[in-house]
There are 2 protein chains.
Amino acid sequence: MDELRLLHGNICQALGDPKRIQILYALHDEPRHVSALACALDMPQPTVSRHLRVLRQRAMVKTERYGPAVVYSITSPKIIAILDEMRNFLRQTLERQSNILS
Amino acid sequence: MDELRLLHGNICQALGDPKRIQILYALHDEPRHVSALACALDMPQPTVSRHLRVLRQRAMVKTERYGPAVVYSITSPKIIAILDEMRNFLRQTLERQSNILS
DNA sequence: TCCATGTATTCGTCTATCCGAATACATACA
DNA sequence: TGTATGTATTCGGATAGACGAATACATGGA
């Protein structure tokens, strides 16, 4: 199996969790530190931290430390553009058939 | 949790398996029936069939029957465009840092 | 109807992922 | 150095996903 394909799949897999998508959109809206994210998205702090680690390992988000707080932000808006295109693809699909996944 | 976001994650998750990415690219190259896919990609036929089911449930591939054989094809080239953009994103990332995921 | 071809599903098992709870770690400041 | 604040990790259990092997199902023709 080609390594590039493995990484390719890894990127997609990281996007496979709805919470991580939610986090990416929230960070695109504006960079935040972990607790602020946890509060805004109504998730426990460790959960947010774990998801952020996954995104960071794939270089989708980057960090900057301000004292004890760590501010996360989107590495590149391109990932959001890709997510938006997926959403459009999904919408088109739903228009054609409303029984997707059911 | 928003249902659209769940579906959004579901689409991404379906792309999260390298073999499914491989299958999508192969079908984009040209439509094939299951056995031809299995042979070309060197996977057992049940494995290919299972992955195709996942892609079909998400409307990424469609089928047409010719006798006992079932020919699968890409529903829309858009999904390939999205995969290509991901690949580009991945390449850019690898240029910046070569230790991704390590 | 029986058989050949091709496809889909089931079963059992293994692995990966996710979560809550608890806790360890890091930083800044008194 | 001790404490407060904020972040990351570990642990155990539950759940989902993927695989090989075997088998069931579907179609068309003899």
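This text follows the structure it describes.
Residues numbered from 1 in each chain as written. Chains lettered and ligands numbered in written order. Predicted model: local features only at pLDDT ≥ 70, side-chain atom pairs only at ≥ 80, totals over all residues. Heavy atoms only, no water.

Visitor: How should I be thinking about the protein's contact with DNA strand D in this particular structure?
Guide: The environment of DNA strand D is formed by 24 residues, the closest being Ser35, Gln45 and Tyr72 of chain A together with Arg50 and His51 of chain B. Counted by atom, the contact set of DNA strand D within 4 Å of the protein is 67% sugar and phosphate. Here Gln13 of chain B contributes a side-chain N or O atom positioned 3.3 Å from a phosphate oxygen of DNA strand D. Looking at the surface near DNA strand D, the elements with two or more residues in it are helix 3 (34–41), helix 4 (45–57) and strand 3 (69–74) of chain A together with helix 2 (18–29) and helix 4 (45–57) of chain B. Considering every element that reaches the surface near DNA strand D, the biggest residue donor is helix 4 of chain A, with five residues. (Near = heavy atom within 4 Å. Polar contact = N/O pair within 3.5 Å; in protein donor to acceptor, adjacent residues only side chain to side chain. Helix = DSSP H or I, 4+ residues; strand = E, 2+ residues; numbered from the N terminus.)

Visitor: Just to check I follow, could you spell out the interface of chain B and chain A for this structure?
Guide: A common way to report how large an interface is uses the accessible area buried once the components associate. Contacts between the two partners involve 42 residues from chain B and, on the opposite side, 42 residues from chain A. Summed over both partners, the interface of chain B with chain A comes to about 4100 Å²; 75% of that surface belongs to carbon and sulfur atoms. Where chain B touches chain A, the interface holds zero salt bridges. Summed over the shared surface of chain B and chain A, the number is two residue pairs in polar contact (both at pLDDT 80 or more). For the side of chain B that touches chain A, the secondary-structure elements that each account for two or more residues are helix 1 (3–14), helix 2 and helix 5 (78–96) of chain B. Looking at the side of chain B that touches chain A element by element, the count peaks at 15 residues for helix 5 of chain B. (Contact = heavy atoms within 4.5 Å. Buried area = accessible area lost by both parts, 1.4 Å probe. Salt bridge = Lys/Arg side-chain N within 4 Å of Asp/Glu carboxyl O.)

Visitor: What should I look at first to understand the nonpolar core in this one?
Guide: Note that soluble globular proteins tend to have their nonpolar side chains buried in a common cluster. In this structure, Leu24 of chain A together with Leu24 of chain B are the most contacted members of the largest nonpolar core, which totals 64 residues. Filtering out sequence-adjacent residues up to four positions away, Leu24 of chain B remains in contact with Leu15, Leu55, Met60, Val61, Ile74, Ile80 and Leu83 of chain B. (Core = buried A, V, L, I, M, F, W, Y, C linked by side-chain atoms within 4.5 Å. Buried < 20%, exposed > 50% of the residue type's maximum accessible area, 1.4 Å probe, protein only.)

Visitor: Teacher, can you tell me more about the relation of the copies chain B and chain A here?
Guide: The operation relating the two chain copies consists of a rotation about an axis and a shift along that axis. Rotating chain B by 180 degrees and moving it 0.0 Å along the rotation axis overlays it on chain A with an RMSD of 0.0 Å. The symmetry that links the two subunits is that of a two-fold axis. Of the interface residues in chain B, 100% have counterparts in chain A that sit at the interface too, so the contact is made through matching surfaces. (Least-squares fit on C-alpha atoms with pLDDT ≥ 70 in both.)

Visitor: Explanation requested: the protein's contact with DNA strand C in the structure shown.
Guide: Lys19, Arg50 and His51 of chain A together with Ser35 and Tyr72 of chain B are the nearest of the 24 residues found near DNA strand C. The sugar and phosphate moieties of DNA strand C supply 65% of its atoms located within 4 Å of the protein. Val34 of chain B places a main-chain nitrogen or oxygen 3.3 Å from a phosphate oxygen of DNA strand C. Take Arg50 of chain B: an N or O atom from its side chain is 3.3 Å from a base oxygen of DNA strand C. Elements supplying a minimum of two residues to the surface near DNA strand C: helix 2 (18–29) and helix 4 of chain A together with helix 3 (34–41), helix 4 and strand 3 (69–74) of chain B. Per element, the largest residue contribution to the surface near DNA strand C is five residues, and it comes from helix 4 of chain B. When its residues are assigned to classes, the surface near DNA strand C shows nine nonpolar, eight polar and seven charged. (Nonpolar A, V, L, I, M, F, W, Y, C, P; charged D, E, K, R; others polar.)

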